[in-house]
Structure formats: structure tokens, C-alpha cells
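Geometric and topological summary
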Amino acid sequence: MGEVILSLKISVIGTGYLGATHAACMAELGFEVVGLDTNPKKIEQLAAGVLPFHEPGLPELLRKHTSSGRLRFTTSYAEVGSWADVHFIAVGTPQKAGDHAADMTYVDGATSTLASHITKDCLIVGKSTVPVGTARRLGALINEQIEGDAKVGLLWNPEFLREGYAVEDTLRPDRLVVGGDSTAAIDVLRQVYATAINAGTPFIATDLETAELVKSAANAFLATKISFINAFSEVTEQVGGDIRVLADAIGLDNRIGRRFLNAGVGFGGGCLPKDIRALQARISELGLDRTMRFLTEVDEINLRRRDRVVHLAHEILEDIQGRKIAILGVAFKPHSDDVRDSPALDVAAQLFNAGADVSVYDPEGMANARLRFPRLNYATSAIDALRDSALTILLTEWDEFKTLDPSEVGQMVESKSIIDGRNVLRADVWQDEGWRFESLGRKSVYPDGAPFRSVCS
Ligand code: UDX
């Protein structure tokens, strides 16, 4: 990477999950970076090298570059508007209250405020997940706001990072996608991403609409894959069979692939659920009502898995009033403290509302869960949650839950009943220790852990 590239000054607008990661990773690549957020508390924390959420590897990167001076934070649009050559927009697009569509308030607000403070030629690059057509609309908004004769280009560069692997996904992505009307502007992003491109990362240059749609399509496909296997769980629960073996067997077909075919309590988080709803809402708005109707089914299959766990709990306990239920996991997935649209927290809340005495434990998600649902009992450890419980439900597949010893925990519970909501425990091992073992999609006549299952985990 030469000096010309490193001389590009980068701003990242919005320092949430996406923005904080992107800012720290851009600094790691050698650029001078300023992260902007309108929340002064967040800026203060980040400037002091404190990350307000759990993400492996990111605190180290943040501290490294706030110390080196390559990364700083501000609340001032005037500061970034007169300084940066490339502005990344990384603010959130949450689901609108009472509506499936995405709330564009933050993207629109950030873009127009930024544009009104720009005093030098630069590029604005959208990273947020947005409904198709947003970039062109923002282009018009930017032109209205620009004062003076600064030339401002607009590109769309969707982000595909997974929580828990955010640094790795940003520094070494599977692919880079950049949409825009100007090849010269796209070439500037080739410079920004030179390290990854030189390491062989495919760089897809396209138009704005395709770039916006790539992100929606990727998330819709992943959600569909999960609901596809979960739909088959409903079948194996009825007729018998083992959903994990079914997933292994179809996953060995290279055209299908095994990843994202883990059946269980389904998908949650800040992205997949709201993104499939926003996509559907946008496509309906375009008059193509039928086109994405299957996503309603994808969403419903997903939510039905949560109901299935609640139903199983009622079936096992008969009367759940006042019975202690231990819930292992509240984060929407392991290696994250995020509880947004978490299937685990949803199930915990449903059981609590039905009268159960719910005790939850999660290695990272407790603080966020407590904020959202303060009335659950928050245990100090998995063992603390399990003690005297009439039913144990595993809903987030953290390693420490996968390795629980059924004999040891069997001595602490009131009743040896467990629901494996993520299909990560061996039924035979738990049953041998006298547990009633229920799972989602497994009713196999074959012993668990048989050699034919060794191909995928
Ligand atoms: C997702 C996309 O993967 C990422 O590319 C995009 O940028 C943002 O949304 P993330 O929300 O971090 O990332 O989580 P992901 O790893 O995709 O998992 C989403 C949910 O699906 C989790 O609740 C997870 O438990 C569930 N899941 C995943 C399954 O139920 N089964 C699977 O096989 C895989």
C-alpha cells in the first residue's frame, strides 16, 4: 500500500456495531479515521478506548488506534465535513414501530446533516442496510444540501459482517461490493480496500441498485435457509427422524452446502428478522406484492419454533405456574451480548408471562437482557440457574452449555428434564443419566453420535 492511499482521510458516521468496527478496522489498515456519533456518551467511551458492546478482538483494535492517534472520535459534523475525503454512513436502519418497513430517519438525517457541512470534494459511501432506491433518493438530498462548489460523489458499499466475527469479516471479507455511477469514484474505494483486494478478495463493482439489493438478498437467503431446515423439523417431529442428519446429508451436496442449516429455535438479532421484513415491505411498495411473499412464511416458520419450545415446556411440566425453569442463553447467538429479537429471550419472556419462575443465564448477554426484561431472575452462573429447576432449556449454544455434565447437573435440579433448543447436546448421553430429553426436530430411532453423523458438526 503506497502513501497516496494512506493519505485518504476517512470518517465513519454512526459508531454503533457497524460503525465502531469499520472505524477501528480502517485505522488498522493504515488510514487516519474519525468516528462521528451524535451521542456524546458513546463518543466519550470510544475515545477512552471503551467498547459499549461485546465483540471479540475489537476492544484491542480500538485501544491500539486511539492510542496511536490514528483513530479519534467527535460529535462535530463541521469537523468531519471539512476534513475527510471519504465518509462512510454506518447508522442504523431499525424496523419502524408498528410497521415492517425500515426506519430511514437516521440514514436520511445523517446524510443531509453531513452534506450541509461538507466544504471539500469528497465521497459519501453508504454502508447501512437500506431499501432499494435509497441511494438515488439520498443523491438528490445531498445535492440539495451542498453549499459552495464542493464535488460530492455517492457510492453504496454494503456490509456483511457477522456479530462475533466483525473484525475478521471487515478485514478479510468474502467479497466487497461497491455500487455507483462513477468508475473514478469506485476506484477510490479500490484504494481504500487495497489490502483485501491484493489478498485476493473479489471486488464487485456495480450500480447503486444492485449493491443495495445484494445485502437484502444475502440476508433473505440466509434466513430462508434456516427456516427451510426448521420447516423440516416440524415434519421430523411428527413422523420421526433426525433433523441434524437430514441437514448433514443434504448439505453434502455442494450446490446446497451445510452452513446455515442448523435447526433449532431459529434466527434473531438486529439484522435477519428486520431485514427480511423491510425487504418485503419495500418490494410491496414497488407493487410487486407476490414477489417476496415467501418471506412471510420464512418469518412465520421462524417464530413458530419459539412457540414450539413454549409448547414443549407446557407439555413437560403440565402446570407451569410457579415452577422454576432454567433458561441457558439469552443472546441471539453465541459470542455476542446482543439480545435484539433474541429467540432465547422471547421464549424466556413467554414462559415468565405464563407464570413460570424463570431463571436465565448467559455468559455475555445478561446486562442487555436485564434492560429489556428486568423481571426475569438473573442467575450468576449456569449452575445457579439450574439449581432446583423443574425444567432446563438450552437456547443459545455457548460452549459452556454444550459441555455441561448431565450427571453433575442432574444432582442439582428438581427434575431431570431438558429441551435442547439448538440441537447441540447428545440425547443418548443425557438419557443415560436419567434425563427426559426433548429437542427440536429429533425423534430418531438411531443412537446419537453414530458414525454416520461424523461428517459435519
Ligand atoms: C447476519 C448475517 O450473517 C450477516 O452477513 C449480516 O451482515 C448481518 O446479519 P448476524 O446477525 O451477526 O449476521 O448473525 P448470524 O450469524 O447470521 O446468525 C443469525 C441468527 O441465525 C442467529 O440467531 C443464529 O442463532 C441463527 N442461526 C444461524 C440458526 O438458527 N441456524 C443456523 O444454521 C445459522
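Because the structure is predicted, anything quoted here is derived from the model rather than measured. (Residues numbered from 1 in each chain as written. Predicted model: local features only at pLDDT ≥ 70, side-chain atom pairs only at ≥ 80, totals over all residues. Heavy atoms only, no water.)

The next thing to look at is the site of the ligand. Around the ligand lies a shell of 20 residues, among which Phe160, Leu161, Glu163, Asn262 and Phe332 are the nearest. Between the ligand and Lys215 there is a distance of 3.5 Å, counted from an oxygen atom to a side-chain nitrogen or oxygen. One of the backbone N or O atoms of Gly268 is found 3.1 Å from an oxygen atom in the ligand. Within the complex, the protein chains bury 92% of what would otherwise be the 670 Å² of accessible surface of the ligand. The greatest single-element share of the shell around the ligand, amounting to four residues, is contributed by helix α11 (residues 208-239). Grouping the constituent residues of the shell around the ligand by class yields 10 nonpolar, four polar and six charged. Here the shell around the ligand gathers at least three residues from each of two domains, domain 1 (9-206) and domain 2 (299-452). (Near = heavy atom within 4 Å. Polar contact = N/O pair within 3.5 Å; in protein donor to acceptor, adjacent residues only side chain to side chain. Areas by Shrake-Rupley, 256 points an atom, 1.4 Å probe, with all protein chains shown as cover. Helix = DSSP H or I, 4+ residues; strand = E, 2+ residues; numbered from the N terminus. Nonpolar A, V, L, I, M, F, W, Y, C, P; charged D, E, K, R; others polar. Domains from an automatic or database assignment.)

Our next topic: the domain arrangement of the chain. Domains assigned within the chain are domain 1 (9-206) and domain 2 (299-452). Domain 1 and domain 2 are separated by 38 Å when their C-alpha centres are compared. Taken together, the contact pairs seven residues of domain 1 with eight residues of domain 2. Interface area for domain 1 against domain 2, summed over the two sides, is near 640 Å², with a carbon-plus-sulfur share of 43%. Contact with domain 2 buries surface across domain 1, with His54, Glu163 and Tyr165 losing the most and accounting together for 74% of the total. In this assembly, domain 1 and domain 2 are joined by one salt bridge. For the salt bridge of Glu163 with Arg340, the shortest nitrogen-to-oxygen distance reads 3.2 Å. Run the count over domain 1 and domain 2 and you get five residue pairs in polar contact (both at pLDDT 80 or more). When the residues that make up the side of domain 1 that touches domain 2 are grouped by side-chain class, the tally is three nonpolar, two polar and two charged. (Contact = heavy atoms within 4.5 Å. Buried area = accessible area lost by both parts, 1.4 Å probe. Salt bridge = Lys/Arg side-chain N within 4 Å of Asp/Glu carboxyl O.)

A separate point is the nonpolar core. In this structure, Ile327, Leu351, Val358, Leu376 and Ile393 are the most contacted members of the largest nonpolar core, which totals 53 residues. When residues of this core are assigned to their parent elements, the largest contribution, seven residues, is made by helix α15 (residues 343-353). Not counting chain neighbours up to four residues away, the residues in contact with Val358 comprise Ile325, Ile327, Ala348, Leu351, Phe352, Leu376 and Asn377. Among the nonpolar cores identified, the runner-up in size contains 42 residues, and Ala23, Leu61, Leu155 and Tyr193 belong to it. (Core = buried A, V, L, I, M, F, W, Y, C linked by side-chain atoms within 4.5 Å. Buried < 20%, exposed > 50% of the residue type's maximum accessible area, 1.4 Å probe, protein only.)

A word on the sheet that holds strand β9 (residues 324-328). The six strands are arranged β11-β10-β9-β12-β13-β14 in an open sheet whose pairing can be described as parallel. Two strands close off the open sheet at either side, each with one partner strand: β11 (377-378) and β14 (436-439). Relative to β11, strand β10 (residues 357-361) is paired through two bridges, and the arrangement is parallel. From the neighbouring strand, Ser359 faces β11, where its bridge partner is Asn377. (Pairing = 2+ DSSP bridges.)

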